[in-house]
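Observations on the model geometry
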Amino acid sequence: MTLPHAPILRITNLHKRYGDVEVLHGIDLAVQAGEVVVVIGPSGSGKSSLLACVNFLEPFHAGEVVFDGRPVGYGPAGGAMRQRVPEQALNLLRRELGMVFQQFNLFPHLTVLQNVTEAPIHVKGIAPAVARAEAMVLLDKVGLANKADSYPRALSGGQQQRIAIARALAMRPKLMLFDEVTSSLDPELKGEVLRVMRALAEEGMTMLVVTHELGFAREVADRVVFMEQGRIVEIGTPEAMFTAPQSARTREFLQASQHG
Amino acid sequence: MDFSFDVFLAAIPSLLKGMVITAKIAALSALVGLVLGTLGGLARVSPRRVLRLPALVYVTLMRATPVLVTLLFLYYGLPSAGLLLDATTVGVIALGITNGAYMSEILRGGIESIDGGQMRAARALGMSYPLAMRRIVLPQAARRVLPPVTNELISLIKNTSLVSTVAISDLLRAGMDFMSWKANTFSPFAGVALGYLLLTLPLIAINAWLEKRYRVT
């Protein structure tokens, strides 16, 4: 079968080290437009490092990341010849790559509305009135239009994370990266964030999600990736992964997670 | 105790003149210090070594040298290097570059106290490093450095008294001159102390107002 389009994101043989410790040992992964890919795996498996390489918040040491046909981080010439992509090109790429963090990272000195309009106005140069109107639509979508004038510290973790999603969406990204976005939330607050993500997936947003929420992976993912020790162990549909995992390691992980 | 209210009153006009000079030198060197401190602080946290290194040398050098030594070094040294500047300018330079070094370190501390997630989030939204610094990190750091910056400015006002050593008729010099003239120590010096207090009070008030207005989060 031939794919109708080139993937929106293609990661090829990605290697990353922290000092002498190699955390990614050659990752190959492609994400198609409209696809929801969920990465699961034990802590320290390199899932979050992988995400940080996709928008080059973290440098990597070998391999290639190509987003929407453009190289991220380093130009096409690989190996010792590789050249850094100019900072400006990187900034342009990041406009189209939304990211949501485990720790929300809302801007505490700005109101909720200003958090959402900050980048559209000051990065894209959108007229403030237009940006505010669009932001209100997004805040309404995450159910927090009534909090527009609050400051982040006045909100619960779940609310803050929904604002962070709205903030990323305000740049109209082509791909959304979610980095363990429910991991620092109390169990009763996870649901509201997962609901927003589910709605986003149903609208056709392309998403690369790193999470410990296996239920979410099972119900929302088009494909699930199981990572361990910096390697992809297995990729498959949720049905295949959760009912008939190919690898013994995947099986063990799923069993431990479901009973632990 | 030789306090005399008459001498105190008689000293006021010349003390006021000295206060104006002190205020002028303090304001100008604060300006130099704030500009150098901002540039120095930003350079200290810069990802570029070509900026970090000179800033580190500057800060280390200026903090290691007593202001009085810097002042006298420039006052006697610059003319022998062929550069003739008036005493006030030399005073402003000496106080300004010293103050700038301390301000740099205060700002560096303030910037480093802001969670790294703020910069990451800003960059992930497509902001350039300078834009993220200006719009996201610095406004938060500014709130945190307000109390130490105020401290530093108060120190600066009081350190201006050192320029009395290089023939500038600042507040301290005016008091000392009056003391010799009237052969009375306490009265003019009470005025001098009061003068410094009056100069620092507005700063303290401004600090309190700013802190209330931009409450630290």
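Residues numbered from 1 in each chain as written. Chains lettered and ligands numbered in written order. Predicted model: local features only at pLDDT ≥ 70, side-chain atom pairs only at ≥ 80, totals over all residues. Heavy atoms only, no water.

Quick word on the interface of chain B and chain A
The criterion, for reference: Throughout, a contact is declared for two residues whenever any of their heavy atoms are within 4.5 Å. Here the quantity called buried area is the total loss of accessible area, with a 1.4 Å probe, experienced by two parts when brought into contact, counted for both. Salt bridge, as used here, is a side-chain nitrogen of Lys or Arg placed within 4 Å of a carboxyl oxygen of Asp or Glu. By the criteria applied, helices consist of DSSP H or I runs no shorter than four residues and strands consist of E runs no shorter than two, each listed in order from the N terminus.
At the interface, 19 residues of chain B touch 25 residues of chain A. Together, the buried faces of chain B and chain A total about 1,900 Å²; carbon and sulfur atoms form 58% of this surface. At the junction of chain B with chain A, the criterion picks out 3 salt bridges. Close ionic contact of B:R135 with A:E118 constitutes a salt bridge, the shortest N to O distance being 2.7 Å. The set of elements that each furnish at least two residues to the side of chain B that touches chain A consists of α5 (116-124) and α6 (129-159) of chain B. Considering every element that reaches the side of chain B that touches chain A, the biggest residue donor is α5(B), with 7 residues.

Considering the environment of A:G158
When you line up the elements, A:G158 lands in helix α5 (residues 157-169). Discounting chain neighbours no more than four positions away, the residues touching A:G158 are A:L185, A:L189, A:E192 and A:V193.

Here's the deal with the nonpolar core
Residues and elements named next belong to chain A. Quick reminder of the rule: Note on terminology: a nonpolar core comprises buried Ala, Val, Leu, Ile, Met, Phe, Trp, Tyr and Cys residues joined through side-chain atoms within 4.5 Å. The classification of residues rests on relative accessible area computed with a 1.4 Å probe and restricted to protein chains. Under 20% of the type maximum is buried, over 50% is exposed, and intermediate values are partly exposed.
In terms of nonpolar packing, the biggest core is built from 55 residues, with L9, I11, L14 and L208 touching the most fellow members. In this view, I11 contacts I27, D28, L29, L50, V54, E64 and V65; residues no more than four positions away in its chain are not counted. Of all hydrophobic cores here, the second largest spans 48 residues; its members include L106, V112, V224 and M241.

Concerning helix α4 (residues 128-141) of chain A
Residues and elements named next belong to chain A. Heads up, the condition is: Here the expected length of a helix is defined as 1.5 Å per residue gap, with one fewer gap than residues. Each direction from the helix axis to a C-beta atom contributes to the arc, which is the arc of those directions.
Compared with the 20 Å implied by 1.5 Å per residue over 14 residues, the 20 Å span of α4 between its first and last C-alpha is a close match. Looking at α4, one finds that the buried residues are A131, A135, L138 and L139. Buried positions in α4, seen along its axis, are confined to an arc of 100° and lie on one side of it. Turned more than 90 degrees from where α4 packs its buried face, A129, V137 and D140 sit exposed.

Looking at the confidence of the model for chain B
All names here are of chain B. To keep things clear, this is the line we draw: Within a predicted model, pLDDT stands for the predictor's per-residue confidence, ranging from 0 to 100.
For chain B, the mean per-residue pLDDT works out to 93, and 99% of the residues sit at or above 70. Of all helices and strands in chain B, the one with the weakest mean pLDDT is helix α7 (residues 171-182) (89), whereas α5 scores best (98). Interface confidence for the predicted complex, given as ipTM, is 0.93, next to a pTM of 0.90.

Quick word on the pattern of salt bridges
Per the counting criterion, the structure on display carries 22 salt bridges over all chains. We note a salt bridge from A:K47 to A:E180, for which the minimum N-O separation is 4.0 Å. On the criterion of sequence distance, the pair formed by A:K47 in helix α1 (residues 47-54) and A:E180 in the loop between β7 (175-179) and α6 (187-202) is long-range, its members being 133 residues apart. For the pair A:K47 and A:E180, one class covers both residues: buried. The salt bridge partner of B:E105 is B:R108, with a shortest N-O separation of 2.9 Å.

Remarks on the packing of α7(B) against helix α8 (residues 186-213) of chain B
Residue and element names in this part refer to chain B. Stated precisely, the cut-off is as follows: The axes used here are C-alpha line fits, helices contributing only the stretch in contact, and every angle between their N-to-C directions lies in the interval 0 to 180 degrees. With respect to orientation, any angle under 35 degrees is reported as roughly parallel, any angle over 145 as roughly antiparallel, any angle of 65 to 115 as roughly perpendicular, and every other angle as oblique. Following the grouping adopted for this structure description, the nonpolar residues are Ala, Val, Leu, Ile, Met, Phe, Trp, Tyr, Cys and Pro, the charged ones are Asp, Glu, Lys and Arg, and the polar ones are all others, Gly among them.
Between α7 and α8, the shortest axis-to-axis distance is 9 Å and the interhelical angle comes to 170°. By the angle class used here, α7 and α8 are roughly antiparallel. Two secondary-structure elements touch here, α7 through L171, L172, G175, M176, F178 and M179 and α8 through P188, F189, V192, G195 and Y196. Of the residues in the contact of α7 with α8, the class split is 9 nonpolar, 2 polar and no charged.

Considerations on unusual backbone geometry
All names here are of chain A. The phi torsion at F104 lies on the positive side, around 65°, for a residue other than glycine. Looking at the secondary structure, you find F104 in the loop between β6 (97-100) and α3 (112-124). Even without being a glycine, E180 presents a positive backbone phi close to 45°. The exposure class of E180 is buried, given its relative accessible area of 11%.

Notes on the environment of B:A101
All names here are of chain B. Along the chain, A101 turns up in helix α4 (residues 87-113). Sequence separation between A101 and L61 is 40 residues; the distance between their C-alpha atoms is 8.6 Å. Discounting chain neighbours no more than four positions away, the residues touching A101 are Y58, V59, M62 and R63.

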